[in-house]
Amino acid sequence: MKNHRINSPGPGTRSLDPAERQAQQRAHADRARTLLAAASKKARETPTLERPGISTATRTRFAIRAKPSEWLFADAGRAVIDAIFECIKDGSDRVVMTWPEPPGGAFVAACVALREARGMGHLAHASFAYWPWRDGATWAARLVLVNPSDIAAAARSAINDAHSNDWKRTDIAHNSLEMIEIRLRDLDLQMAASPGRPLSDTSIIVRSPTVLETTAVFAPVTSKAAPPYGPSADKILRRVRRHTFLGERNAGLGDRFDHVGDPMKTPFALLGLPPAKRAEELARFVQSERARTFGMDVVIVDLTRPGRSELPDQWEPRLEALLKSFDVATGRRPAALVLTEDAFTFRRATRVMKASAAVRRPKGRVYEIGAYLDHRGLLGPAAKLPSEMPAIAFQADIKDAALAPLRDRLVVLGRALREDAHAGAAVVSRTLSFLRRSASLPIGLSEARGIADILYDADDEVDSNVRAMFRPKMALGALLAVAEIAPAYSSEIRSLVEAVGSKVGEWESETPVSLKLASLLEQSAWNAASTVIAFPDRRIAETYLASDRAVRCDCTIIDHKGIADLSEAAQVRRIVVIGPGPQAIRALLTTKLAPETVLLLGDAAGSALLSAELAPLGRIAAFASIAARAKAITEALRRGGTNEALDLAEAEFRIVVTDQEERIDLTQANEAYRGPVVEIRTQRGQILRYRPTSDVLLLSPGEARPFERVVAREIEAGDSILVLKNDVRELIRRAIAGSRRSLAELGLYHQAIAGIRRETPGTMVRDKARHVLRSMQGMNGSVPDSELHNITRWLSADDAPMKIDGARQPGAARDWPRFLLFMHAVGIQDTLAKAYWDAAITPSRSYRAQEGHLFNQRVVQFILDPEATTAWASMRDVWQEVLEGVDAVVDVVTSNEGGRNG
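Now for a look at the structure at hand. The residue numbering used here restarts from 1 in each chain and proceeds along that chain's sequence as written. Per-residue local features of the predicted model are confined to residues with pLDDT of at least 70, and side-chain atom pairs are confined, for both listing and counting, to 80 or more; whole-chain, interface and lining totals are unaffected and use all residues. Here the side-chain values reflect all heavy atoms present in the structure, with hydrogen atoms and water set aside.

**Details of the overall build of the protein**
- Each helix is a run of H or I in the DSSP string that is no shorter than four residues. Each strand is a run of E no shorter than two, and both are numbered from the N terminus. A tally of regular secondary structure across the protein gives 35 helices and 21 strands.
- Three labels apply to residues, based on accessible area from a 1.4 Å probe with only protein chains included: buried if under 20% of the type maximum, exposed if over 50%, partly exposed otherwise in between. Considering the protein as a whole, with its 902 residues, one finds that 56% of them fall into the buried category.
- Taking as baseline every contact in the protein between residues at least 6 positions apart, the subset at least 24 positions apart corresponds to 76%.
- About 39000 Å² of surface is accessible on the protein, with carbon and sulfur atoms providing 51% of the total. A contact between two residues is defined here by any heavy atoms of the two lying within 4.5 Å. Note that accessible areas follow from Shrake-Rupley with a 1.4 Å probe, and for residues the cover is restricted to the protein chains shown.

**Comments concerning the packing of aromatic side chains**
- Only rings of Phe, Tyr and Trp enter the pairing, Trp through its six-membered ring, and a pair is recorded when the two centres are within 6.5 Å. The plane angle decides the type: under 30 degrees is stacked, over 60 is edge-to-face, the rest tilted. A full pass over the atoms with the stated rule returns 13 aromatic pairs.
- Both rings, one in Tyr749 and one in Tyr836, keep their centres 5.4 Å apart while their planes meet at 65°; by these two values the pair is edge-to-face. Here Tyr749, found in helix α28 (residues 740-759), pairs with Tyr836, found in helix α32 (residues 830-841); they are 87 residues apart in sequence, far enough to count as distant.
- Of the residues examined, Tyr836 reaches a relative accessible area of 14% and is grouped as buried.
- Between Trp794 and Phe822 the ring centres are 5.2 Å apart and the planes differ by 70°, which places this aromatic pair in the edge-to-face class. Pair noted here: Trp794 is in helix α30 (residues 788-795) and Phe822 is in helix α31 (residues 816-825), with a separation of 28 residues, a long-range link.
- Accessibility expressed as a relative area gives 1% for Trp794, which makes it buried.
- Taken together through their ring pairs, the aromatic side chains of Tyr749, Trp816, Phe819, Tyr836 and Trp837 make up a single cluster.
- For a Lys NZ or an Arg CZ to count as sitting over a ring, it must be within 6 Å of the ring centre and within 35 degrees of the ring normal. Positioned above the aromatic ring of Phe73, the side-chain terminus of Arg59 is 3.9 Å from the ring centre.
- Arg284 extends its terminal NZ or CZ atom over the ring of Phe285, reaching a point 4.9 Å from the ring centre.

**So, the nonpolar core**
- Of all hydrophobic cores here, the largest spans 128 residues; its most connected members are Phe107 and Phe128.
- Of the residues forming this core, the biggest block, ten residues, is contributed by helix α3 (residues 106-119).
- Ignoring sequence-local partners within four residues, the contact set of Phe107 consists of Tyr130, Trp133, Ala137, Thr138, Ala141, Leu212, Val217, Leu270 and Asp302.
- We define a nonpolar core as any set of buried Ala, Val, Leu, Ile, Met, Phe, Trp, Tyr and Cys residues linked to one another through side-chain atoms lying within 4.5 Å. Counting 53 residues, the second-largest nonpolar core is a separate cluster that includes Val411, Phe470, Val482 and Ile540.

**Comments concerning empty space enclosed by the protein**
- Only protein atoms enter the 1 Å grid used here. Points where a 1.4 Å probe fits but cannot escape make up a cavity, open sets with protein on both sides within 12 Å along at least five of seven lines make up a pocket, and a residue lines them when an atom lies within 4 Å of a point. Grid points are joined across faces, edges and corners, and a volume is the space filled by probe spheres set on the points. For the coordinates displayed, the defined rule picks out five cavities of 30 Å³ or more.
- Looking at the largest cavity, its volume works out to about 190 Å³.
- Considering the residues around the largest cavity, the lining is formed by 18 residues, among which Arg115, Leu177, Glu181, Thr214 and Thr215 are closest to the centre.
- Elements represented by at least two residues in the lining of the largest cavity include exactly α3 and α6 (174-182).
- Ranked by the residues each element gives to the lining of the largest cavity, the list is headed by α3, at four residues.

**Some remarks on the packing of helix α29 (residues 765-779) against α30**
- With axes taken as lines fitted to C-alpha atoms, and helix axes fitted only over the stretch in contact, angles between N-to-C directions fall between 0 and 180 degrees. In contact at an axis separation of 9 Å, α29 and α30 are set at 115° when each is read in the N-to-C sense. In the crossing of α29 with α30, the sense of the turn from one axis to the other is right-handed. Across the interface between the two elements, Val765, Arg766, Lys768, Ala769, Arg770, Val772, Leu773 and Met776 from α29 touch Leu788, Ile791, Thr792, Trp794 and Leu795 from α30. When the near helix sits turned anticlockwise from the far one by under a right angle, the crossing is termed left-handed; a clockwise turn instead gives a right-handed crossing.

**Re the packing of α29 against α31**
- The interhelical angle for the contact between α29 and α31, taken along N-to-C directions, is 115°, at an axis separation of 9 Å. One finds that α29 runs roughly perpendicular with respect to α31. The way α29 lies across α31 gives a crossing that is right-handed. When α29 is examined against α31, the residues Val772, Ser775, Met776 and Met779 are found in contact with a partner set consisting of Leu821, Phe822, His824 and Ala825.
- Split into classes, the residues belonging to the contact of α29 with α31 amount to six nonpolar, two polar and no charged. Here the angle decides the label: under 35 degrees means roughly parallel, over 145 means roughly antiparallel, 65 to 115 means roughly perpendicular, and every other value means oblique. Note that Gly is not counted as nonpolar here; it falls among the polar residues with everything else outside the nonpolar set of Ala, Val, Leu, Ile, Met, Phe, Trp, Tyr, Cys and Pro and the charged set of Asp, Glu, Lys and Arg.

**Describing α31**
- Of all ten residues that make up α31, seven are buried, and the element is covered over most of its length.
- Among the residues trailing α31, Gly827 stands out with phi positive, at a value near 85°.

**Here's the deal with the sheet that holds strand β2 (residues 93-100)**
- What makes two strands pair is DSSP finding at least two bridges between them. Taken in spatial order, the seven strands line up as β5-β6-β3-β7-β8-β2-β9 in an open sheet, and their pairing is parallel. Edge positions in the sheet fall to β5 (216-218) and β9 (366-373), since each has one partner strand and no second. Adjacent strand axes in the sheet meet at a mean angle of 20° when their direction is disregarded.
- In this sheet, strand β8 (residues 335-340) lies alongside β2 in parallel orientation, the contact comprising four bridges. Across the sheet, the residue bridging to Met97 is Thr340, located in β8.

**Some remarks on the pairing of strand β6 (residues 268-272)**
- Across the five residues of β6, five count as buried, placing the element largely inside the fold.
- Burial along β6 is two-sided: the residues Phe268, Leu270 and Gly272 and Ala269 and Leu271 are all buried.
- Examined bridge by bridge, strand β3 (residues 126-131) and β6 share five bridges and lie parallel to one another. For Ala129, the partnering residue across the bridge sits in β6 and is Leu271.
- Across three bridges, the pairing between β5 and β6 is parallel.

**Section: the side chain of Asp342**
- If you trace the backbone, Asp342 turns up in the loop between β8 and α14 (343-359).
- In this structure the side chain of Asp342 is engaged in a polar contact, spanning 3.1 Å, whose partner is the backbone nitrogen of Phe344.
- Every residue in contact with Asp342, bar those within four places of it in the chain, is listed here: Met97 and Arg308. Throughout this description, a polar contact denotes any pair of N or O atoms lying within 3.5 Å of each other; where both atoms belong to protein, one of them has to be capable of donating a hydrogen while the other can accept it, and for residues adjacent in sequence the pair is counted only when both atoms sit in side chains.

**Re α29**
- Residue count minus one, scaled by 1.5 Å, sets the expected span of a helix. Across its 15 residues, α29 extends 21 Å between first and last C-alpha, which sits within 8% of the 21 Å expected from 1.5 Å per residue.
- Of the residues making up α29, those classed as buried are Lys768, Ala769, Val772, Leu773 and Met776. Across the axial projection of α29, the buried residues extend over an arc of 145°, all falling on one side. Of the exposed residues in α29, those oriented more than 90 degrees away from the buried face are Arg774 and Gly778. In this description, one arc is meant: the one made by directions from the helix axis to the C-beta atoms.

**Remarks on the side chain of Arg757**
- Of note, Arg757 is situated in helix α28.
- The residues contacting Arg757, other than those within four sequence positions of it, are Val765, Lys768, Leu795, Ser796 and Asp798.

**Some remarks on the pattern of salt bridges**
- Whenever Lys or Arg places a side-chain nitrogen within 4 Å of a carboxyl oxygen from Asp or Glu, that contact is recorded as a salt bridge. Going through the model one piece at a time under the given rule, you end up with 38 salt bridges.
- Across the pair Glu181 and Arg118 runs a salt bridge whose closest N-O atoms are separated by 3.2 Å. One end of the pair, Glu181, is in helix α6; the other, Arg118, is in helix α3, with 63 residues separating them in the sequence. Like Glu181, the residue Arg118 is buried in the burial classification.
- Between Glu368 and Lys354 there is a salt bridge; the shortest N-O distance is 2.9 Å.

Just distances and angles here, no functional claims.
This is the structure in structure tokens:
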């Protein structure tokens, strides 16, 4: 019997009808896509990590050593801390940019987050990692105090927690940590000030643990013969043990400290990861016994300025190696939290992170986060931008597009030198800065030179550097010298020197910006008291004010720093920003003022950093309220003539290249020093020269002060000392100038000047200055008539405006011979003149090479003196910034150079 095919198909059979067959195929395809999508989604999903700890939350307070009695929550850095916990929860990577102020390094952020994880019950136990580990990573954490009563309260909650069995693991030393931390109640009782007898700042510092010693930190062990992490029991609460029962033998807590300092038993660990070149070198740390047993929850990547200090300029390959090393992690892949403080580093880091996430299987996700900080550091109340900022009409006039080819050639040269690790890259960066500054001068180079020769006529490095700003041959000489030591680039360097010199030579009478500014000030609407002109720095502003053009200018003259200090009471209608830079842009983005117009007047060589600064602000949610202003500035710059592609290329080169001083001579004083010299070389490549008996600030384990005094001849390799770099010198100078003692002594000098002015014949100050000038010329015939401008300024010293930190410029002659001649001309004897010079004027002046020895001794005296506490406290978190100047000594050589040095 034949079998007949049945046209109506049964289950699982395929229809011969074309329409039905197509319907079946579509159904099959839909089911396949659904299954694949479900499988892909499941593969992409990272299991959410929930590991709650203490049921009753305790908020932890912190303080900085400069203000030990001011206890603060870490609310300013809440966005950073929350991002760390979000990384742990969802396993996704994040890149955080703080703006406009830096966070003060990521190590402190990691320690604070661990303390919050414990006290708030976010995590029952945790393993954080910190990269890149370096010797100085922990230094800033020594300056942050933790309130002992808060630690003890969290320990008490953990001991009494009714749900402790749900979150305490038996293989982790929870009880040991609780027994140690509960004893900090002893410190709390000692810190309870009795009525009418407040506790001193020193007592608070001594009796408050630092955030470093309340964190179980494990430095990476580089020797492959040893475990990657060793014990750190001796560092746990090291300073405060003797102020409690923790250190008593009968307390029986020795084993407890061993447990908390054991990387396999401590509940909360911070593991260091070295900045290795290859992922294979990191495998032993990522696969350490701690990481295999408990997992590595999050890796804090420090790409702030301190974190990058010992990384190569091209740090991206090392970050790539770190991310690749996570592939060998046992269990859940660690999430990475990258902390940055500038827009360009943020951009570079995000690019690396996203590239890494794209090649992972399954693909990862990278979140871009913003954190608004109105002051340095994470402590204090949260700063919030207003939800709505008044709109500002921005205009931009970027002059002389012919500079673009020169910029391009300089950037290409600088990149090539940088890739060859040649020191000439820094010289190229300075040349770009010189080109920008020259094109943005408000007067011609010839007039600027003449004024600078009068205002800044001393022989020291400060005045000579100001004069060099207006002399192309002096500025380009350094670039020409690179041609001698980099023969492969000699032809291009010489060609560039000629081209830049020729271009700048066109600006002797007028610069691109000075022409526009002069045209602007011919209009009465702009040349008015309601108009503010902001120059790039104080020296340019002073030069302009001394020019003939300033006589006809009715505008308010400030520098870029002053934009942030403009008040609504000033009724500013227009702002002209000459040579706009990141500092000016940040102030304009956040100001509460609403001027009618802001004109950005610059040149094609000066817009590079602006594009890099503005790029991420428009797309990060935390900065949404300033996004409209950022967009308005970007559009104004584009209309005004910027080249965004070239801007970013120049910004990358100039931000990457570090231009630090290589030699810092602290041997010289008013007389030439010709004795023995102690030459100290540091890990970051700087060379410091001291007299053998000069004081050096050594990083100290002491309780009350971060530094102790050691003479230079006793410094050894391995010591960590404060390096007085130019930025550190400026911070300390400001602190010294703002101290009670300096203000009082400078005040006495200004009172004397007021009396001298009253007694000097003449009606107006300028008439009185002419009288003093004739007296000075009678004593010394070489005094020029042009000194009249300076004498007028010296006679008006008491009218100098007060600075934010309480200090004022002394308004005195730049060098001792001229000051003494002026004093003689107004009837002041040598003894009193010397007292004014040493006590009032020199301490408030910027450091200069000829005063290096005396300045160094004054710095050491000031930092170790109790008066420093008040001065530092007036400047928020400045101690942390100064501590970034600490560097490790790698070599010390003493030489007797005889008459050759000095």
